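# Observations on the three-dimensional arrangement
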Amino acid sequence: MSKYAFGKTVNMSYEKAIEAVTQALAKEGFGVLTEIDVAATLKKKLGIDRAPYKILGACNPQFAARALEVEPQIGALLPCNVVVREEAGKTIVEFVDPDAVLKLVERPEIGTIAAEVRSRLQRVMAAL
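Sequence positions are assigned chain by chain, starting from 1 and proceeding in written order. Local features in this predicted model are restricted to residues of pLDDT 70 or higher, and side-chain atom pairs are both shown and tallied only at a pLDDT of 80 or more, whereas totals for entire chains, interfaces and linings draw on every residue. With hydrogens and water excluded, all non-hydrogen atoms of the structure serve as input to the side-chain values.

### Quick look at the side chain of Glu 71
With respect to the helices and strands, Glu 71 occurs in the loop between helix 3 (61-70) and strand 4 (80-87). Contacts are assigned to residue pairs with any non-hydrogen atoms lying within 4.5 Å of each other. Here Glu 71 is in contact with Val 105, Arg 107 and Ile 110, once residues within four sequence places are set aside. The way it works is that DSSP assigns letters per residue, a run of H or I at least four long becomes a helix, a run of E at least two long becomes a strand, and they are numbered from the N terminus.

Rendered as structure tokens:
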């Protein structure tokens, strides 16, 4: 998809995709800390109509704690964002690629954590 995200088009409604991804994240130890309704915000602040688009801020506390122990500034790159959006009548779920983002830190310990997080997010994607 890109150098910083991976995802797929899912065969379910936008609302069902949000529910399904949240449940699949929970099975992999992630909670959703934040939910940003981009479409509603753009409508309210700018009067722009756009297709449904939400950003879910997912966090696995065990991985976050390990990463913060190694690199306290890494909080600027957390949580792992998951986008659920509609485009041309289809529902798309996209995940930030922890490998791409956390390579910015350039510490081997973080690379190991990023690979584990990426593996879990790929399992979430496969479950959809």
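### Focus: the nonpolar core
Counting 32 residues, the largest nonpolar core has Val 21, Leu 25, Val 82, Val 84, Val 93, Phe 95 and Leu 121 as its most contacted members. Elements with a contribution of two residues or more to this core: strand 1 (5-10), helix 1 (14-27), strand 3 (53-59), helix 3, strand 4, strand 5 (90-96), helix 4 (98-102) and helix 5 (108-127). Put simply, buried Ala, Val, Leu, Ile, Met, Phe, Trp, Tyr and Cys residues joined by side-chain atoms within 4.5 Å make one nonpolar core. Residue burial is assigned from relative accessible area. The probe radius is 1.4 Å, only protein chains are included, and a residue is buried under 20% of its type maximum, exposed over 50%, and partly exposed in between.

### Some words on the pairing of strand 4
Two strands are counted as paired when DSSP detects at least two bridges linking them. Of the pairings in the sheet, the one linking strand 3 to strand 4 comprises six bridges and is antiparallel in character. Residue pairing across strands places Ile 55 opposite Val 83, the latter belonging to strand 4. Note that strand 4 and strand 5 share six bridges and pair antiparallel. When the bridges of strand 5 are listed, Glu 87 appears paired with Lys 90. Counting the residues between successive antiparallel strands, the hairpin from strand 4 to strand 5 contains two residues, one of them, Ala 88, with a positive phi of roughly 55°.

### Topic: the sheet that holds strand 5
With antiparallel pairing, five strands are arranged side by side in an open sheet as 1-5-4-3-2. Among the strands making up the open sheet, the edge pair consists of strand 1 and strand 2 (31-37). Geometrically, the sheet is characterised by an average inter-axis angle of 20° between neighbouring strands, direction not taken into account. Direction of pairing for strand 1 relative to strand 5: antiparallel, over a ladder of six bridges. Of the residues in strand 5, the one forming a bridge with Thr 9 is Ile 92. Helix axes use the C-alpha atoms of the stretch in contact, all axes being lines fitted to C-alpha atoms, and the angles between their N-to-C directions lie in the range 0 to 180 degrees.

### Describing the pattern of salt bridges
When a carboxyl oxygen of Asp or Glu is within 4 Å of a side-chain nitrogen of Lys or Arg, the pair counts as a salt bridge. Taken as a whole and judged by the stated rule, the model has eleven salt bridges. When the shortest N-O distance is used, the salt bridge between Glu 28 and Arg 123 registers 2.8 Å. Here Arg 123 lies in helix 5 and Glu 28 lies in the loop between helix 1 and strand 2, a separation of 95 residues in the sequence. For Arg 123, a relative accessible area of 40% corresponds to the partly exposed category. Salt-bridge contacts for Arg 85 lead to Glu 87; the nearest nitrogen and oxygen are separated by 2.4 Å. The class of Arg 85 is buried, set by a relative accessible area of 14%. Salt bridges sharing common partners tie together Glu 71, Arg 107 and Glu 109.

### Quick word on the pairing of strand 3
Most of strand 3 sits out of view: seven of its seven residues are buried. Neither face of strand 3 is exposed, since Tyr 53, Ile 55, Gly 57 and Cys 59 on one face and Lys 54, Leu 56 and Ala 58 on the opposite face are all buried. Judged from the six bridges that link them, strand 2 and strand 3 form a sheet pairing that is antiparallel. Bridge pairing links Gly 31 to Cys 59 in strand 3.

### A few points about unusual backbone geometry
In most cases, non-glycine residues show a negative phi, while peptide bonds are predominantly trans. Of note, the bond from Leu 78 into Pro 79 is cis; its omega dihedral lies within 30 degrees of zero at -5°. In this fold, Pro 79 is placed in the loop between helix 3 and strand 4. Phi angles above zero are rare outside glycine, and Ala 88 is one such case at about 55°. You will see that Glu 106, though not glycine, has its phi angle at about 55°, which is positive. Relative to the assigned elements, Glu 106 resides in the loop between helix 4 and helix 5. Judged by its relative accessible area of 70%, Glu 106 is exposed.

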